Amino acid sequence: MDLGLDGSVVLVTGGVRGVGAGISRAFLRAGATVVTCARRPADEPIEVDGRGVEFISCDLRDAEQVQSMIDSIVATHGRLDAVVNNAGGAPYALAADASPRFHSKIVELNLLAPLLISQIANAVMQKQETGGSIVMISSVSGSRPSPGTAAYGAAKAGIDSLAASLAVEWAPKVRVNSIVVGLVETEQSHLHYGGADGLAAVSKTVPLGRMARPEDIGNCATFLASPLASYVSGSTLTVHGGGERPAFLAASDAETSNKPVMEEQK
């Protein structure tokens, strides 16, 4: 399917590993020119049909560096059609034990940096005849308990709210949406879920029977950035394979534990 992204210029933050690499490849397949940024370049080339990404080293929390990066993209390509705010993450740390500085850094990377990037990108897009699209990569951690990554979950909840607000402020030229991502299998999955047995066990908790692949997220991002989604703004697209099976179903030993129960109305 032609998404109408051929020749478009797209910035994917953190687009060199894991989910970000999958997003970058999806845009390359759609014919876009893809610029990625991170603290360090990819360990292996990110290419599709002989076309690769352009890489810029950037601290996304630094306003001057972000401004310089976007200025460079526009100077080189003449425009910026879409931004995917993917960079983020958090190491495991219990909220009671983590320092205030730790929490501040997590919120800065996962909420304030995407706001900064979006603000500078919007200034470019508002001047373009065709405007632009901004896609926030959010997480199910923003809408359910996130023990061990509480500040991250709070930041992701903020991202969804931010996308909805920016969609109103920056319309009609710029569309803003968020993708709420569930469990994803990447090259770093073993750090979270263990070996093959752990991955298989966790995958069984997902209704669709597997974790997402990075390209699953990339396909959704390309859609939201494309003209096919020209009337979609301020929305959250949940990509989690059906979510998580309620814990009480596994705990219950009743024969009807897998069946919905409706109370008689009296």
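The following paragraphs examine the structure supplied in this document. For every chain, the first residue of its written sequence is number 1, and the numbers climb from 1 along that sequence. In keeping with the model being predicted, local features are shown solely for residues with a pLDDT of at least 70 and side-chain atom pairs are shown and tallied solely at 80 or more, while totals for entire chains, interfaces and linings include all residues. Side-chain metrics in this entry use all non-hydrogen atoms of the structure; hydrogen atoms and water are not considered.

**Some points on unusual backbone geometry**
Phase 1 of the analysis: The omega torsion across A171 and P172 is 5°, close enough to zero to call that bond cis.
Phase 2 of the analysis: Its place among the elements puts P172 in the loop between helix 4 (150–169) and strand 8 (174–181).
Phase 3 of the analysis: In this structure, D49 is a non-glycine residue whose phi angle is positive, near 55°.
Phase 4 of the analysis: Think of it this way: any DSSP run of H or I at least four residues long counts as a helix, any run of E at least two long counts as a strand, and we number them from the N terminus. As for its position among the elements, D49 is in the loop between strand 3 (47–48) and strand 4 (51–52).

**Things to note about the packing of helix 3 (residues 100–125) against helix 4**
Phase 1 of the analysis: As a packed pair, helix 3 and helix 4 sit with axes 9 Å apart at the nearest point and diverge in direction by 15°. Regarding the angle of helix 3 to helix 4, the classification is roughly parallel. For the element pair helix 3 and helix 4, the recorded crossing hand is right-handed. Contacts from H103, I106, V107, N110, L111, P114, L115 and S118 in helix 3 reach A151, Y152, A155, K156, G158, I159, L162 and L166 in helix 4.
Phase 2 of the analysis: All residues other than Ala, Val, Leu, Ile, Met, Phe, Trp, Tyr, Cys, Pro, Asp, Glu, Lys and Arg, Gly among them, are scored as polar; the first ten of these are nonpolar and the last four charged. Of the residues assigned to the contact of helix 3 with helix 4, the class counts are eleven nonpolar, four polar and one charged. Here, axes are lines fitted to C-alpha atoms. For helices the fit covers the stretch in contact, and angles between N-to-C directions go from 0 to 180 degrees. Each angle gets one of four labels, with under 35 degrees taken as roughly parallel, over 145 as roughly antiparallel, 65 to 115 as roughly perpendicular, and the rest as oblique. Left-handed is the label given to a crossing in which the near helix is rotated counterclockwise from the far helix by less than a right angle, and right-handed is the label when the rotation is clockwise. We call two residues in contact whenever any of their non-hydrogen atoms come within 4.5 Å of each other.

**Things to note about the environment of A96**
Phase 1 of the analysis: Within the fold, A96 resides in the loop between strand 6 (82–85) and helix 3.
Phase 2 of the analysis: By relative accessible area, A96 is classed as exposed at 77%.
Phase 3 of the analysis: Linking A96 and S24, residues 72 residues apart in sequence, is a C-alpha distance of 37 Å. Relative accessibility under 20% of the residue-type maximum defines a buried residue, over 50% an exposed one, and the middle range a partly exposed one, all with a 1.4 Å probe and only protein chains included.

**So, the pairing of strand 7 (residues 132–139)**
Phase 1 of the analysis: Counting buried residues along strand 7, eight of its eight residues qualify, which places the element largely inside the surrounding structure.
Phase 2 of the analysis: Of the two faces of strand 7, the one lined by G132, I134, M136 and S138 and the one lined by S133, V135, I137 and S139 are each fully buried.
Phase 3 of the analysis: If you view a crossover with the strands going away from you and the path from the first strand over the helix to the second runs clockwise, you call it right-handed. In this region the chain leaves strand 6, passes through helix 3 and returns to the parallel neighbour strand 7; the handedness of that crossover is right-handed.
Phase 4 of the analysis: We call two strands paired when DSSP finds no fewer than two bridges between them. The pairing of strand 7 with strand 8 spans eight bridges and is parallel. Within the sheet, the bridge partner assigned to M136 lies in strand 8 and is S178.

**What about the state of the cysteines?**
Phase 1 of the analysis: We call a pair of cysteine sulfur atoms a disulfide whenever their separation is within 2.5 Å. Summed over all chains, the structure comprises zero disulfides.
Phase 2 of the analysis: Of the cysteine sulfurs around C58, a residue in no disulfide, the closest is that of C37, at 5.5 Å.

**Side note on the pattern of salt bridges**
Phase 1 of the analysis: We define a salt bridge as a side-chain nitrogen of Lys or Arg found within 4 Å of a carboxyl oxygen belonging to Asp or Glu. Applying the stated criterion across every chain, the model contains six salt bridges.
Phase 2 of the analysis: Put simply, R17 and D43 hold a salt bridge, and the shortest N to O gap is 3.6 Å. Within this pair, whereas R17 is found in the loop between strand 1 (9–13) and helix 1 (18–29), its partner D43 is found in the loop between strand 2 (33–38) and strand 3, the two being separated by 26 residues in sequence.
Phase 3 of the analysis: Owing to a relative accessible area of 60%, D43 belongs among the exposed residues under this scheme.
Phase 4 of the analysis: A salt bridge links R79 to D81; its shortest N-O distance comes to 2.7 Å.
Phase 5 of the analysis: What emerges from the salt-bridge pattern is a single network uniting R17, R40 and D43.

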